[in-house]
Structures are given as C-alpha cells and as structure tokens.
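Understanding the architecture of this molecule
If you want the building blocks of each chain, they are given just below.
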Amino acid sequence: MPKKSKKGPVSSLGDVTVLDYADSTAPKNRAKKLLTNVNRALRKEVEKAKDKDENLPHVTGNSDEDEAAVYYMKMSKTKNRRHTNLSNHKYNRKNEGGKTYPIDIWFLLSEYIRPEDVGVFAAICKSSFQVTCSAAFWFSLYRRYYTCVPDMPASLRPEKLIRKTALRKDVIRSFFYMYKPFRNRLTNTRTSEVYNNNLSVLVNKTLYEISSESQKGSYTYYFKMAPKISSSSSRSVSDTASLLDVLDDVFYNPNDQCCALKVVCRDSIPILPISGLTLRGAVLSSSVQFHKLKLEFGPMYGRLGGSECVTVNFDAVVQVLVVDWWHRLYPFHGNHMLDLADSLNWCLKNGS
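Residues numbered from 1 in each chain as written. Predicted model: local features only at pLDDT ≥ 70, side-chain atom pairs only at ≥ 80, totals over all residues. Heavy atoms only, no water.

The protein appears in an unreviewed UniProt entry as Transmembrane protein 183 from Dendroctonus ponderosae.

Printed below as a string of structure tokens:
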C-alpha cells in the first residue's frame, strides 16, 4: 500500500503578501524594456549601415552588445574621417589660393572697363589693382572716351596730358567734362540756387587757400579746405629724391580730400589773413532780398567765439556751393606740372 506523502501544503498556493517581495532581488534572466528598445534601434542602424557600406566588417554572433559595439566603432571612424577630410580641405584651400592669371590678361580685360567700373575692376585681385596703378591704364581709358568739348580746360586736353604725374586726377576731372554719365551727375545738382545742404561737411576742416575773382558786377570767393594733416604724415617735395618720386606717381593729388566753398555776392568785402585756421561754424540765413552767410574761423581746439576766432560775414549772397576736387567748378589755379618741373630744376642746380 503506498505511503502517503508527509509533505505539507505548497506555500506558493497560499496568500501572497507584500513582504514576500519587498527584499527580493531583481531577475537577471531578461533585459529591461528600455534597453531592449535601444538595442532594437541600434540593430536597425547597423542593418542600414550594412546596406550602404559594403566594407562594413562582418558581425559575429547574435548578441545585441556586439552589434552595438560595431555600430559605435563605425560611427566613430566616420566622424574621424569627416574631420580629417575637412582639415585637409581647409589646408588645401589655404595653399591653393585660387588661379593666378598673367597680368597681360588683366591688361586686355581693362580695355573693356567703363570709367564708373574702375573701382570694381581694381577690387578683383592684386593683379587687377596693379593694372589700375599703371599709367598705361589711365592713358588708354582717356583715349577711349575722349571727345572734343569746348569748355574743357587746356590742361586736360590730349596735347597737355602727356606726363605721369597726377595722371589719375586729370583723367577723372576730364571725364566730368566729356563723359555723359559723369556730366549728368553735375547737372542734377542745383548749382544755380542758394543752398546749404553741404555746409556741415566743412566744419572742423582747415582753410589753406583763399582766392577771389570779379565779373559782371558780382564777386566770387573760393575757400579751399581740407582735414587737418600732421606734419609727419604730409608729403614733402623739398628734396630731389621725393620730387622724383612725385614725378612718377600716377596717384599724386595735392587736392585729395579737399573741398572748396564757393560764395558769390554782390558786394566786395575785405578778408583778413585766416589761412591755417579751422572753420568752427557756418550759418546761412535769409533776408528779404538776399541771403547772408556767416563763417567763423579759429583754432581747432579753441573756444568758439573767443578772442582768437575770426568772423567773416557776407551780405547780399547770390550763391553758396560746396564742391569737391573733381568738380568742374573747383578752382585749379596755375599749372602744377610746370611748378614741379621748376622745382626739380632748382634742386638739381643747387645740388640738394
């Protein structure tokens, strides 16, 4: 007769309390759900990498850890390769410097440049800028657009324009006489009316020359002004060496950055010697029939209205105009070419 089992009832079939699982250890036979999702995503990325790159090494084993390790190795290698390629590309671009064409090609291209495009052409590269610094470029530009204009000064005509000195300045001035787009810029300006739109640009500029002329019952005064230039930075042509450099300088322009104030009035007024002083204020007021202009000159850093200031008052003003050095109304008195030649002869005779 079989013996009865002495084992008691199975405890697992009884009631389960919270204390039975409070201190139990986490099971190790399966991964967490979050880790499983990550491994599944990594497995998909590895499969995509296999399809795109045939050189991907073969993955041995089926474990998620091996596939993840191979994927990270592949991504790290790709990033390093990309960084190396970018570094080499920057290094090559730095060393290449673009293509360099012979300067003869730039001279040929300069034959098709319009006067208003000279600045753009000079900014292309160093070779194009070097072309615009040559006398051949400015002579060629002048000959291509030259037309006979009755009111052009004699110093700007072809028979006079034969030297390199200040060639660029003379060619630019001539274009405002014979080149239609440049002439239109001046005709659009209200040169026949009294206006003070540009008087503010003359304030704090130094006066260095005054000239006057009278015609048809009116008196015209010119005040040439320029920014204050220190003596160390100003160019001197007192000795032979510097004078020879000026004679070959195409860009030489003693009137660069200069403006001229033209005042036309009915009455003549005496003007004190105020050259070297700075214009501290300019006021144009209107009366019943004419305008009045008040100019106050003094030291640059002095007190406005002090004892050192000189006031010039113009009554019965007909016209007030501010012109730049390239304007047709800018006062160019004398021939600077002859002055430079005389200075050179004097230096050579005296052995300086």
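A word on unusual backbone geometry. Backbone geometry places A166, a non-glycine residue, at a positive phi of 55 degrees. By the element assignment, A166 lies in the loop between α7 (135-144) and α8 (167-178). Residue class for A166 comes out buried when judged on its relative accessible area of 0%. In the Ramachandran plot, K216 falls in the positive-phi region, its phi being about 55 degrees despite a non-glycine side chain. Looking at the element boundaries, K216 is found in the loop between β1 (206-215) and β2 (218-226). (Helix = DSSP H or I, 4+ residues; strand = E, 2+ residues; numbered from the N terminus. Buried < 20%, exposed > 50% of the residue type's maximum accessible area, 1.4 Å probe, protein only.)

The next point concerns the packing of α8 against helix α9 (residues 180-187). Geometrically, a packed helix pair is captured by the angle between its two axes and the distance between the axes. Viewed as axis vectors pointing N to C, α8 and α9 meet at an angle of 75 degrees, and their least axial separation amounts to 6 Å. Classed by the angle they form, the pair α8 and α9 counts as roughly perpendicular. Along the contact surface, α8 presents F175, F176, Y177 and M178, while α9 presents K180, F182, R183 and L186. When the residues that make up the contact of α8 with α9 are grouped by side-chain class, the tally is six nonpolar, no polar and two charged. (Axes fitted to C-alpha atoms, helices over the stretch in contact; angles between N-to-C directions. Parallel < 35°, antiparallel > 145°, perpendicular 65-115°, else oblique. Contact = heavy atoms within 4.5 Å. Nonpolar A, V, L, I, M, F, W, Y, C, P; charged D, E, K, R; others polar.)

Moving on to a nonpolar patch on the surface. Residues Y101, I105 and L109 make up a contiguous nonpolar surface patch of roughly 270 Å² in combined accessible area. Relative to the assigned elements, Y101 resides in the loop between α3 (64-96) and α4 (103-110). (Patch = residues over 30% accessible without salt bridge, like charges linked within 9 Å, V, L, I, M, F, W, Y side chains within 5 Å. Areas by Shrake-Rupley, 256 points an atom, 1.4 Å probe, with all protein chains shown as cover. Salt bridge = Lys/Arg side-chain N within 4 Å of Asp/Glu carboxyl O.)

On to the packing of α7 against α8, then. Packing of α7 against α8 brings their axes to within 10 Å, and their N-to-C directions diverge by 15 degrees. Looking at the two axes, α7 sits roughly parallel to α8. Our pair here, α7 against α8, has a crossing hand that is left-handed. Facing α7, whose interface residues are A135, W138, F139, L141 and Y142, α8 presents L167, R168, V171, I172, S174, F175 and M178. (Left-handed = near helix turned anticlockwise from the far one by under 90°.)

Another aspect to go through is α7. Counted residue by residue, α7 has seven buried out of ten residues, so it is predominantly covered. Those residues of α7 that fall on the buried side of the exposure criterion are A135, F137, W138, F139, S140, L141 and Y142. For α7, the elements touching its buried residues are α4, α5 (118-122), α6 (126-132) and α8.

Turning our eyes to something else, we now look at the nonpolar core. With 33 residues, the main nonpolar core has W138, L167, V171 and F175 as its most contacted residues. Of all the secondary structure elements, the ones that give two or more residues to this core are α5, α7, α8, α9 and β6 (310-324). Beyond its immediate sequence surroundings of up to four residues, L167 is in contact with A135, W138, F139, L161 and V250. If you look at the next biggest cluster of nonpolar residues, it comprises 23 residues, including Y221, M225, L279 and F297. (Core = buried A, V, L, I, M, F, W, Y, C linked by side-chain atoms within 4.5 Å.)

Summarising the sheet, strand β3 (residues 259-265) and β6 pair through seven bridges and their orientation is antiparallel. Among the inter-strand pairings, C259 is bridged to a residue of β6, identified as D324. Direction of pairing for strand β5 (residues 291-298) relative to β6: antiparallel, over a ladder of six bridges. Residue pairing in the sheet places E296 in a bridge with T311 of β6. (Pairing = 2+ DSSP bridges.)

Further remarks concern the environment of L329. Mapping L329 onto the fold places it in the loop between β6 and α11 (336-350). The contacts of L329, once residues within four sequence positions are left out, are Y222, K262, L321 and V323.

The subject of this paragraph is the packing of aromatic side chains. In this structure the tally under the stated criterion is 15 aromatic pairs. Taking 6.0 Å as the distance between ring centres and 85 degrees as the angle between the ring planes, the aromatic pair formed by F223 and F314 counts as edge-to-face. Highlighted residues: F223 in strand β2 and F314 in strand β6, separated in sequence by 91 residues. The buried category is assigned to F223, whose relative accessible area is 0%. Measuring from centroid to centroid gives 5.0 Å for Y330 and F332, while their planes differ by 55 degrees, and the two rings are tilted. Residue Y330 is classed as buried on the basis of its relative accessible area, which comes to 4%. Three or more aromatic residues link up through ring pairs in this structure, and these residues are Y145, F175, F176, Y179, F182 and W326. Positioned above the aromatic ring of F332, the side-chain terminus of R173 is 3.8 Å from the ring centre. Here the guanidinium or amino end of K224 rests over the ring plane of F332, the centre of that ring lying 5.8 Å away. (Phe/Tyr/Trp six-rings, centres within 6.5 Å; stacked < 30°, edge-to-face > 60°. Lys NZ or Arg CZ within 6 Å of the ring centre and 35° of its normal.)

Bringing the side chain of R157 into the picture now. Position of R157 relative to the elements: it lies in the loop between α7 and α8. Among buried charged residues, R157 stands out as having no salt bridge; its nearest opposite-charge side chain is E159, 4.9 Å away. Discounting chain neighbours no more than four positions away, the residues touching R157 are Y142, Y146, C148, V149, P150 and M152. (Lys, Arg positive; Asp, Glu negative; His and termini not counted.)

On to the pattern of salt bridges, then. Applying the stated rule across the entire model yields six salt bridges. The salt bridge partner of D151 is R328, with a shortest N-O separation of 2.2 Å. One end of the pair, D151, is in the loop between α7 and α8; the other, R328, is in the loop between β6 and α11, with 177 residues separating them in the sequence. Of the charged contacts, one joins K224 and E209 as a salt bridge, the two residues approaching to 3.6 Å between their closest N and O atoms. Placement of the pair is K224 in strand β2 and E209 in strand β1, with a sequence separation of 15 residues. The buried category is assigned to K224, whose relative accessible area is 5%. By relative accessible area, which is 26% here, E209 ends up partly exposed. Members of the salt-bridge network, linked through shared partners, are R114, E116 and D117.

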